[in-house]
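Structural features, examined
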Amino acid sequence: MADSRSGRSDSDALIRVETLAKRYETAAGTTPPALNGVDLAIQPGEFVAVMGPSGSGKSTFMNILGCLDTPTSGAYYLDGRNVAELSDDELATLRNRLIGFVFQGFNLLKRISVADNVALPLVYAGEGKSERRRRALELLDQVGLAAHADKQPNQLSGGQQQRVAIARALSNHPRLILADEPTGNLDTHTSEEIMDIFTRLNRDQGITVVLVTHEADIAHHAKRLVRFRDGNVVYDGGVKGI
Amino acid sequence: MNFSAVTGEAWRSMGVNRLRAALAMLGMVIGVAAVVLMLAIGQGTQAIVNDSIASMGSNLFIILSGSTTSGGLRAGMGSAPTLTLEDARAIGKLPSVKTSAPVYSGTAQLGYGPNNWSTVVNGVTPEYLEVRNWAVESGRNLDEGDVRSAARVALIGKTVVFNLFADEPPLGKTMRIKNSPFTIVGVLEAKGQSMDGRDQDDSVLVPVTTAQSKLFGNPFPGTVRFIMAQAPSKEMMTEAEGDIGQLLRIRHRLRNDMENDFTVRNLTATAQAAASSAQALSFMLGAIASISLIVGGIGIMNIMLVSVTERTREIGIRMSIGAKRRDILQQFLLEAVFICTLGGLIGAMLGVAGAWAVSALAEMPAVVTGSSILVAFLFAAGTGIFFGWYPARKAAYLKPVEALRHE
Ligand SMILES: Nc1ncnc2c1ncn2[C@@H]1O[C@H](COP(=O)(O)OP(=O)(O)OP(=O)(O)O)[C@@H](O)[C@H]1O
Ligand SMILES: [Mg+2]
């Protein structure tokens, strides 16, 4: 329906935003918009790096893409569906099934085991206990952490924790992975390991990856670069020569 | 999300903060224990009152000398006793009265061997036991012959047996009442406390004529202290009361303008008033205890609110990976209900133990009924839902992005 209205060629875009704007309400009054009319489309299977100075609106953009936040104006079509028209429950289902999140701070639940963390999205998908366990071990094996399944998250290194978070993001076979500075807390070597995982997921499983980073080295793993400044997209193209 | 998974999540997050859950639970434990205990004490009191009503005998009147005015009973104090044995006999013949029993009583020193004991001695007729719904455990009741001949025979209660005879079988023995010898012809079965807390087994029954002539010198020969009368049924009580009044007015030759020189009191009605006040007491105790349950519930709400605030980020994480509002709501609500029902369970056990201790140590009656436990338990679970609802809702309606940003 959205396609017939917009009449654009990228009708099978996984993500499409049109004049997307976000203005935060603060006690201080009106602030400059965090997003100021962003138009962007991302096709299935793309690997996009998002860069830009601090405060340019990258996280705001990612949160909206992830259906964690709502735009002030503009439209967001996820997999052809107008997100503004979806109910809370439908959004939750999208976050559960379609999207996998990876955050800078890992966002693991501290008091439950690594395997339980990985299996948590499966709990909300209604999977049974034994299936959850099986799938958690399989995913941990994929990220090379099978031996750590029954540890607590804080017994792992930062890189290991981020791999747990990636395993968790993958638990429901998402088509889209959104990663906001996933290597921001990691050293160069560990960052490379994490980026290898993203690259493999994108190349071997065709999962769409959108990843925010400040480092050009990291961005080079992607195939497309989007650069933000003051809430606007100021560059959209290849990753060569950054 | 299936129920067992939600239950698991709630259970796990409760286990994570054991001290806090335990403290929240404590409020419930105390509340439920208090309710169970108070209901037990209330019901114990009620049971005693009901027992003593049953032991008093049913559909009873007591007829006393002296008149009632609006201020109450104006008796004794110079006015002569007016009721006689013949009055009692005449009342007993009324069609609306089943049995009547005159009583002439006093306090006397009893003796057997080296033992002494002071107690109430009731001069009665054979009908007394029937009216009082009492029976002889061993030996025989007094009979008409004893009354006619003013025989020196006595029936004694269990407490008297214990204090005078200890282990000796009292039947057939001769004891002293006011230093006169009396033969014990029967032992009364145990009856327990009366409504006003007297030990009914601490009494001696002798023929009314013996009491009048040989024990308690009577300045008004032939009179008795009071007459007990029993109606055949509850429905007959009003009729009997009227008949007794009419009969006594005629027998006492009272002119129309003269006040009654006797008072007919409906004992059963008095007893029922006592029973309903015992019930009111029981209800009040329960109500007071319920307040502690409510306070406990507010404690739970407080702790759940803290828990929601503290775990805002966790809620955000759960939402970001697909938890629906319903899932979060259920998790927190279940956590509150868990705490409450577990606390309720422990509290009910403590309450039962407390009731047991109270009845064992304080010799206060405490009756724990299944329904009082059930009520307390359901109340606890209800408290969990009621006070858990607000914090749970608060958690469920957080915006994902804001919850995630929370430190
Ligand atoms: N919750 C908020 N309330 C008010 N203003 C906000 C909020 N979150 C972000 N902003 C503002 O919106 C703008 C964009 O912020 P955003 O977090 O998207 O930047 P960013 O590009 O992710 O920066 P960084 O690289 O430092 O993470 C900034 O000016 C910021 O101050
Ligand atoms: Mg950011």
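Comments concerning the overall build of chain B
The helix and strand inventory of chain B stands at 13 helices and 12 strands. When the 407 residues of chain B are sorted by exposure, 51% land in the buried category. Considering only residue pairs separated by 6 or more positions, chain B has 78% of its internal contacts joining residues 24 or more positions apart.

Some points on helix 6 (residues 158–170) of chain A
Between its first and last C-alpha atoms helix 6 of chain A spans 18 Å; for 13 residues at 1.5 Å apiece the expected length is 18 Å, and the two agree. Buried residues dominate helix 6 of chain A, accounting for 12 of its 13 residues. Of all the positions in helix 6 of chain A, only A:G159, A:Q160, A:Q161, A:Q162, A:R163, A:V164, A:A165, A:I166, A:A167, A:R168, A:A169 and A:L170 are classed as buried. Structurally, helix 6 of chain A contributes buried residues whose contacts are with strand 8 (99–102), helix 4 (114–124), helix 5 (129–142), strand 9 (176–180) and helix 7 (188–205) of chain A together with helix 10 (312–320) of chain B.

Here we look at the sheet that holds strand 1 (residues 15–22) of chain A
All names here are of chain A. Ordered in space as 4-1-6-7, the four strands form an open sheet in which the pairing is antiparallel. Edge positions in the open sheet fall to strand 4 (35–42) and strand 7 (81–82), since each of these has one partner strand only. Of the strand pairs in this sheet, strand 1 and strand 4 are connected by six bridges, and their pairing is antiparallel. Counterpart to V17 in the pairing with strand 4 is L40. On top of the sheet, helix 2 (residues 58–65) reaches strand 1, strand 4 and strand 6 (73–78); it is set at about 125° to strand 1, its chief contact.

With respect to empty space enclosed by the protein
The full count for this structure, using the stated rule, is two cavities of 30 Å³ or more. Its volume calculated, the second largest cavity comes out at about 70 Å³. As for the second largest cavity, its lining consists of A:R95, A:N96, A:I99, A:G100, A:F101, A:P121, A:R168, A:A169, A:S171, A:N172, B:S320 and B:I321. Only helix 3 (88–97), strand 8 and helix 6 of chain A provide two or more residues apiece to the lining of the second largest cavity. Looking at the lining of the second largest cavity residue by residue, the classes come out as five nonpolar, five polar and two charged.

Regarding the interface of chain A and chain B
Each side of the interface is counted separately: chain A has 27 residues, and chain B has 27 residues. Taken together, both faces of the contact between chain A and chain B bury some 2,400 Å²; the carbon and sulfur share is 56%. Ranking the residues of chain A by area buried against chain B places A:L68, A:R111 and A:Y124 at the top, with a combined share of 29%. B:R326 is the partner of A:D89 in a salt bridge, and the nearest nitrogen-oxygen pair spans 3.5 Å. Between the two partners, chain A and chain B, sit seven residue pairs in polar contact (both at pLDDT 80 or more). Looking at which element gives the most residues to the side of chain A that touches chain B, the answer is helix 3 of chain A, with six residues.

Quick notes on the confidence of the model for chain A
Residue and element names in this part refer to chain A. With 95% of its residues at a pLDDT of 70 or more, chain A has an overall mean of 91. When mean pLDDT is compared element by element in chain A, strand 10 (residues 208–212) scores highest at 97, while helix 1 (residues 2–6) scores lowest at 42. Here residues 1–9 is a poorly scored stretch, pLDDT under 50, and it has 14 contacts once near neighbours within four places are set aside; other chains count.

Digging into unusual backbone geometry
All names here are of chain A. With a phi close to 60°, C67 is a non-glycine residue in the positive phi region. Within the secondary structure layout, C67 lies in the loop between helix 2 and strand 6. A relative accessible area of 5% means that C67 is categorised as buried. Its identity as a non-glycine residue notwithstanding, F106 has a phi of 70°, on the positive side. On the basis of relative accessible area, F106 is assigned to the buried category, the value being 10%.

A look at the environment of B:M56
Residue and element names in this part refer to chain B. With respect to the helices and strands, M56 occurs in helix 2 (residues 18–56). Classification of M56 as buried rests on a relative accessible area of 11%. Residues M56 and W134, 78 residues apart in the sequence, show an inter-C-alpha distance of 8.4 Å. Residues within four places of M56 in sequence aside, it is in contact with V131, R132, K191, L267, T268 and A271.

Let's talk about the pattern of salt bridges
Per the stated rule, a full pass over the model turns up 23 salt bridges over all chains. A salt bridge links A:D150 to A:R133, with the nearest nitrogen and oxygen atoms 3.0 Å apart. Of the two residues, A:D150 sits in the loop between helix 5 and helix 6 while A:R133 sits in helix 5, which places them 17 residues apart along the sequence. Residue A:D150 is classed as exposed on the basis of its relative accessible area, which comes to 54%. Note on A:R133: relative accessible area 35%, which makes it partly exposed. Across the pair B:R311 and B:E335 runs a salt bridge, and its minimum N-O distance is 3.4 Å.

Basis of the calculations
- Residues numbered from 1 in each chain as written.
- Chains lettered and ligands numbered in written order.
- Predicted model: local features only at pLDDT ≥ 70, side-chain atom pairs only at ≥ 80, totals over all residues.
- Heavy atoms only, no water.
- Helix = DSSP H or I, 4+ residues; strand = E, 2+ residues; numbered from the N terminus.
- Buried < 20%, exposed > 50% of the residue type's maximum accessible area, 1.4 Å probe, protein only.
- Contact = heavy atoms within 4.5 Å.
- Expected span 1.5 Å × (residues − 1).
- Pairing = 2+ DSSP bridges.
- Axes fitted to C-alpha atoms, helices over the stretch in contact; angles between N-to-C directions.
- 1 Å grid on protein atoms, 1.4 Å probe; cavity = no way out; pocket = protein on both sides within 12 Å on 5 of 7 lines; lining within 4 Å.
- Points joined across faces, edges and corners; volume = space filled by probe spheres on them.
- Nonpolar A, V, L, I, M, F, W, Y, C, P; charged D, E, K, R; others polar.
- Buried area = accessible area lost by both parts, 1.4 Å probe.
- Salt bridge = Lys/Arg side-chain N within 4 Å of Asp/Glu carboxyl O.
- Polar contact = N/O pair within 3.5 Å; in protein donor to acceptor, adjacent residues only side chain to side chain.
- pLDDT = per-residue confidence, 0-100.

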